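So you can see what is in the structure, the chains are spelled out below.
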Amino acid sequence: MTATLAARPDPTDATDAALDHAWSVLEAVPDPEIPVVSIRELGILRDVRRAADGVLEVVITPTYSGCPAMSQIAEDIGMVLDGAGLKPHRIATVLAPAWTTDWMTADAREKLRAYGIAPPTGNCASTPAAGEKVIRFAPRPMAAPACPRCGSAHTERLAQFGSTACKALYRCIDCREPFDYFKPY
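As the structure is a computational prediction, the values presented were derived from the model and not from experiment. (Residues numbered from 1 in each chain as written. Predicted model: local features only at pLDDT ≥ 70, side-chain atom pairs only at ≥ 80, totals over all residues. Heavy atoms only, no water.)

Q: Lay out the pattern of salt bridges in plain terms, naming residues and giving numbers.
A: Here the structure, examined in full by the defined rule, presents nine salt bridges. With its nearest N and O atoms 3.7 Å apart, the salt bridge here joins E27 to R40. You can see E27 sitting in the loop between α1 (17–26) and α2 (39–42) and its partner R40 sitting in helix α2, a full 13 residues away along the chain. By relative accessible area, E27 is classed as partly exposed at 29%. Take R40: its relative accessible area is 12%, and that puts it in the buried class. Taking the shortest distance from any N to any O, the salt bridge between D47 and R49 comes out at 4.0 Å. Residues joined in a network through salt bridges with shared partners are D47, R49, D53, E57 and R90. (Salt bridge = Lys/Arg side-chain N within 4 Å of Asp/Glu carboxyl O. Helix = DSSP H or I, 4+ residues; strand = E, 2+ residues; numbered from the N terminus. Buried < 20%, exposed > 50% of the residue type's maximum accessible area, 1.4 Å probe, protein only.)

Q: Please set out the environment of E156 residue by residue, giving values where relevant.
A: In this structure, E156 sits in strand β5 (residues 155–159). The class for E156 is partly exposed, based on a relative accessible area of 27%. Measuring from C-alpha to C-alpha, the distance between E156 and A144 comes to 6.8 Å, with 12 residues separating the pair along the chain. Beyond its immediate sequence surroundings of up to four residues, E156 is in contact with L169, Y170, R171 and I173. (Contact = heavy atoms within 4.5 Å.)

Q: Before we move on, can you summarise the nonpolar core with the specific residues and values?
A: Residues L26 and L81 are the most contacted members of the largest nonpolar core, which totals 31 residues. Contributions of two or more residues to this core are made by α1, α2, β1 (45–50), β2 (56–60), α3 (70–83) and α4 (106–115). At five residues, the largest contribution of residues to this core is made by α1. Within the second largest apolar cluster, seven residues are counted, among which are C147, Y170, F179 and Y181. (Core = buried A, V, L, I, M, F, W, Y, C linked by side-chain atoms within 4.5 Å.)

Q: How would you summarise the packing of aromatic side chains if you had to cite specific residues and measurements?
A: Applying the stated rule across the entire model yields three aromatic pairs. Relative to F179, the ring of Y170 lies with its centre 5.9 Å away and its plane at 20 degrees, an arrangement referred to as stacked. The class for F179 is buried, based on a relative accessible area of 2%. For the pair Y170 and Y181, a centre-to-centre distance of 5.6 Å together with 80 degrees between the ring planes defines the contact as edge-to-face. On the criterion of sequence distance, the pair formed by Y170 in strand β6 (residues 167–172) and Y181 in strand β7 (residues 178–182) is long-range, its members being 11 residues apart. Grouping residues by exposure puts Y170 and Y181 together as buried. Positioned over the ring face of W103 is R46, at 3.7 Å from the centre of the ring. (Phe/Tyr/Trp six-rings, centres within 6.5 Å; stacked < 30°, edge-to-face > 60°. Lys NZ or Arg CZ within 6 Å of the ring centre and 35° of its normal.)

Q: So what's going on with the sheet that holds β2? Which residues, and what values?
A: Read from one edge of the open sheet, three strands run β1-β2-β3, paired in mixed fashion. Across the chains shown, the open sheet's two edge strands, defined by having one partner strand only, are β1 and β3 (89–93). On average, each strand axis in the sheet is inclined to that of its neighbour by 20 degrees, with strand direction left out of account. The pairing of β1 with β2 spans five bridges and is antiparallel. Note that in β2 the partner of R49 across the bridge is E57. Lying on the sheet, α1 is in contact with β1 and β2; it crosses β1 at an angle near 155 degrees. (Pairing = 2+ DSSP bridges. Axes fitted to C-alpha atoms, helices over the stretch in contact; angles between N-to-C directions.)

Q: Residue-level account of α4, with values.
A: Buried residues of α4: A108, R109 and L112, and no others. Down the axis of α4, the sector holding all buried residues measures 100 degrees, keeping them to one side. Opposite its buried face, α4 presents the exposed residues A106, D107 and A114, each directed more than 90 degrees away. (Arc of directions from axis to C-beta.)

In structure tokens form, the structure reads like this:
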């Protein structure tokens, strides 16, 4: 089942001004590991809603279950909401559905490229039949990513893991520059 990036509510339909304000201030919260992209653009920010008890609830999903940046992301969200006068609030971390690079926006992919990180290529999720859940245990073979610096497709993987577990280390054979590749999953 493919999950999609939570849509920010249309402000003209909003019955809760605090929710719209929360979305606005959270749009600018950067990812602590890749500060050129926001948690919204990466798809980490899943939803902003009112919980059953009326408290403002921010729903986030880590890029992988052991992501060490999640405590910093939660702290940054709390500081931004406190600074905007949006109290009380709580942050809910949900692991299902699991995050996928399909949730990244096109802007995030371009910002990664400009920052020197090759964005994930292709889509990870397939479109299963209604009610069907597809589980993949082996990654599909994908072409090597293009160099984010010179655009060459003549690249090679040096290591399965780069600066973080969600990236692999590649080198461009043409310009000889190393670069991280944000692995699709």
